[in-house]
Amino acid sequence: MLPLHGVRVLAVEQYGAGPFGTMFLADQGAEVIKIENPSDGGDMSRDVGPYFFSAGDSEFFHSFNRNKKSLTLDLKREQGQTVFHDLVKTADAVASNLRGDVPAKLGLVYESLKDHNPKIVCAHLSAYGRTGPRASWPGFDYLMQAEAGYFSVTGEPEAPPARFGLSVVDLMSGLGLAYALLAALTSARSTGVGRDIDVSLFDMALHNVSYLATWYLNEGFSQGRLPRSAHPSLTPCQLYRTKDGWIYIMCNKEKFWPVLCRKIDKPQWSEDARFRRFKDRLQHRDLLTELLDAELQKHSTQEWLEVFAGTVPAAPIYDIAQALENPFVTKQGRLQTLPHRSRGSYRMVAPPVRCSPEEVPARPAPDLGADTEALLRELGYDGEQIRALRTAKII
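The structure contained in this document is the topic of the report that follows. No experiment lies behind these values; they were computed from the predicted model shown.

### A word on the nonpolar core
Phase 1 of the analysis: In this structure, Val9, Leu25, Val32, Met144, Tyr150, Val169 and Leu181 are the most contacted members of the largest nonpolar core, which totals 35 residues.
Phase 2 of the analysis: When residues of this core are traced back to their parent elements, those giving at least two are β1 (8-12), α1 (17-27), β6 (93-96), β7 (121-126), α7 (168-191) and α8 (201-207).
Phase 3 of the analysis: A per-element tally of this core places α7 first, with 9 residues.
Phase 4 of the analysis: If you look at the next biggest cluster of nonpolar residues, it comprises 28 residues, including Ile35, Leu73, Val94 and Tyr110.

### Quick notes on the sheet that holds strand β9 (residues 237-242)
Phase 1 of the analysis: The antiparallel open sheet is built from 3 strands, whose spatial order is β9-β10-β11. Each having just a single partner strand, β9 and β11 (314-316) make up the two edges of the open sheet. Ignoring strand direction, the axes of neighbouring strands in this sheet form an average angle of 30°.
Phase 2 of the analysis: Bridging between strand β10 (residues 245-250) and β11 involves 3 bridges; their strand directions are antiparallel. Counted as the bridge partner of tyrosine 248 is alanine 315 from β11.
Phase 3 of the analysis: Each of β9 and β10 touches helix α12 (residues 285-296); the most contacted strand, β9, lies at about 40° to it.

### Examining a nonpolar patch on the surface
Phase 1 of the analysis: A surface patch of nonpolar side chains, about 280 Å² in accessible area, is lined by Ile320, Leu324 and Val349.
Phase 2 of the analysis: Tracing the chain through its elements places leucine 324 in helix α14 (residues 320-325).
Phase 3 of the analysis: Residue leucine 324 is classed as partly exposed on the basis of its relative accessible area of 37%.

### Here's the deal with the pattern of salt bridges
Phase 1 of the analysis: For the structure on display, the rule yields 23 salt bridges.
Phase 2 of the analysis: Of the charged contacts in the structure, one is a salt bridge between glutamate 378 and arginine 8, with a shortest N-O distance of 2.7 Å. In this pair, glutamate 378 is assigned in helix α16 (residues 372-379) and arginine 8 in strand β1, connecting sequence segments 370 residues apart.
Phase 3 of the analysis: Residue classification places glutamate 378 among the exposed positions, given a relative accessible area of 52%.
Phase 4 of the analysis: Judged by its relative accessible area of 5%, arginine 8 falls in the buried class.

### Some points on the packing of α1 against α7
Phase 1 of the analysis: Here α1 crosses α7 at 50°, and the two axes come no closer than 7 Å. If you check the angle between α1 and α7, you find them oblique. For the crossing formed where α1 meets α7, the hand is right-handed. For the pair α1 and α7, the contacting residues are Ala17, Gly18, Phe20, Gly21, Thr22, Phe24 and Leu25 in the first and Asp170, Leu171, Gly174, Leu175, Leu177, Ala178, Leu181 and Leu182 in the second.
Phase 2 of the analysis: Residues of the contact of α1 with α7, tallied by class, amount to 10 nonpolar, 4 polar and 1 charged.

### Some remarks on the layout of surface pockets
Left-over empty space is what a probe sized like a water molecule reveals as it rolls over the atoms.
Phase 1 of the analysis: Within this model, the largest pocket holds a volume of roughly 1,600 Å³.
Phase 2 of the analysis: Taken together, 41 residues form the lining of the largest pocket, with Ser63, Leu166, Ile320, Leu324 and Val349 sitting closest to its centre.
Phase 3 of the analysis: Among the residues making up the lining of the largest pocket, the classes are represented as 25 nonpolar, 6 polar and 10 charged.

### Description of the pairing of strand β2 (residues 31-36)
Phase 1 of the analysis: Within β2, 6 of the 6 residues are buried, which leaves the element mostly enclosed by the surrounding structure.
Phase 2 of the analysis: Alternating positions in β2 separate into two faces, Glu31, Ile33 and Ile35 on one and Val32, Lys34 and Glu36 on the other, with burial throughout.
Phase 3 of the analysis: Relative to β2, β1 runs parallel, the two being bridged by 4 bridges. Of the residues in β2, the one forming a bridge with valine 9 is valine 32.
Phase 4 of the analysis: Pairing geometry for β2 and strand β5 (residues 69-72), over 4 bridges, is parallel. Counterpart to lysine 34 in the pairing with β5 is serine 70.

### With respect to the packing of α16 against helix α17 (residues 383-391)
Phase 1 of the analysis: α17 packs onto α16 with a crossing angle of 130° between their chain directions and a minimal axis gap of 10 Å. Put simply, α16 runs oblique to α17. Crossing hand, α16 versus α17: right-handed. Where α16 approaches α17, its residues Thr372, Glu373, Leu376 and Arg377 are matched on the opposing element by Gly383, Ile386, Leu389 and Arg390.
Phase 2 of the analysis: Here the contact of α16 with α17 is built from residues that sort into 3 nonpolar, 2 polar and 3 charged.

### Remarks on the side chain of glutamine 336
Phase 1 of the analysis: Among the secondary structure elements, glutamine 336 is positioned in strand β12 (residues 335-340).
Phase 2 of the analysis: Residue classification places glutamine 336 among the buried residues on the basis of a relative accessible area of 7%.
Phase 3 of the analysis: For glutamine 336, the side chain forms a polar contact with the side chain of arginine 66, separated by 3.3 Å.
Phase 4 of the analysis: A polar atom in the side chain of glutamine 336 sits 3.1 Å from the backbone oxygen of proline 361.
Phase 5 of the analysis: The residues touching glutamine 336, leaving out its near neighbours within four places in the chain, are Arg66, Tyr346, Arg347, Met348, Ala350, Pro351, Val360, Pro361 and Ala362.

Quick notes on the rules
- Residues numbered from 1 in each chain as written.
- Predicted model: local features only at pLDDT ≥ 70, side-chain atom pairs only at ≥ 80, totals over all residues.
- Heavy atoms only, no water.
- Core = buried A, V, L, I, M, F, W, Y, C linked by side-chain atoms within 4.5 Å.
- Buried < 20%, exposed > 50% of the residue type's maximum accessible area, 1.4 Å probe, protein only.
- Helix = DSSP H or I, 4+ residues; strand = E, 2+ residues; numbered from the N terminus.
- Pairing = 2+ DSSP bridges.
- Axes fitted to C-alpha atoms, helices over the stretch in contact; angles between N-to-C directions.
- Contact = heavy atoms within 4.5 Å.
- Patch = residues over 30% accessible without salt bridge, like charges linked within 9 Å, V, L, I, M, F, W, Y side chains within 5 Å.
- Areas by Shrake-Rupley, 256 points an atom, 1.4 Å probe, with all protein chains shown as cover.
- Salt bridge = Lys/Arg side-chain N within 4 Å of Asp/Glu carboxyl O.
- Parallel < 35°, antiparallel > 145°, perpendicular 65-115°, else oblique.
- Left-handed = near helix turned anticlockwise from the far one by under 90°.
- Nonpolar A, V, L, I, M, F, W, Y, C, P; charged D, E, K, R; others polar.
- 1 Å grid on protein atoms, 1.4 Å probe; cavity = no way out; pocket = protein on both sides within 12 Å on 5 of 7 lines; lining within 4 Å.
- Points joined across faces, edges and corners; volume = space filled by probe spheres on them.
- Polar contact = N/O pair within 3.5 Å; in protein donor to acceptor, adjacent residues only side chain to side chain.

Here it is in structure tokens:
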């Protein structure tokens, strides 16, 4: 039995950050029910291209909604709220990723739901928080990267400011939402009392500036971009040239430097006063880069990886295609095949959290409203009531 079997989460979510977080819950066995508005096509990401299995069934949507259910419900209408409250009585948590001022308007906060279920947990992911001067502001990943300093530390020093290549703030904020929900759920199960709990894109982006923030706040040091994606203080830790391209070497513990020296047949370098310790190598980083380039260009990246394997932390520089065709991925169960009603099957990267010996679930993202009738019948609604809700476009 997966760890979250028996946990029911009502997810009022859209696009990337929130759905990414609740997918982690679904992958571990939680019953995640997407609440989607029937009048506007549901989660907007169903229509995010450029690739689709069919109209309104985007591959982007499938990337964030594996192992979930879908229930269509108009929460802006009184009848929709009545149905939602019936669902809340059966649920453990409500997860939302809406603009900061919207959850209260839609009654997704603990104060609005506690009379229906005093143990309900309301986990909110917003752009800038549900309080303060930006509560009503829309916001997206790249804006957070820009304002939290990410552009200033990404890329080469003389290039224009650059964002991180993935929607990293969305992804880590989604994980923050899942963590917050489970933390609050742990409390609710021990105390019998639920709560609101919040995470925002901006706060998560800022928090993950981490040690760079600590350096500035205490020493006044503002880290900038470094050549070849180097570490600010540890070296060798950057890109180096090989015979056919690049390799990233990461000797982030002192013990790896002498090993690297032996592996490239330069054992004397580990005793050279210019390179003996981290602070010495940092002072002479440009020289060390030149020397390592000269040695590493004698062989290909793959040849060096075979020499370093298990002894010197190193990695090839792959594009997305190479990363996904890597035998360490394809032959080690890191990809997953899911069924699809029209395509037959499709592939995704498998869930990263493994719970041996349980098999990770592999159910495709749901069609819009696919589980509406079954869930309502479970709540006690009969056929006539369901038809009336459909006629009124509540579901």
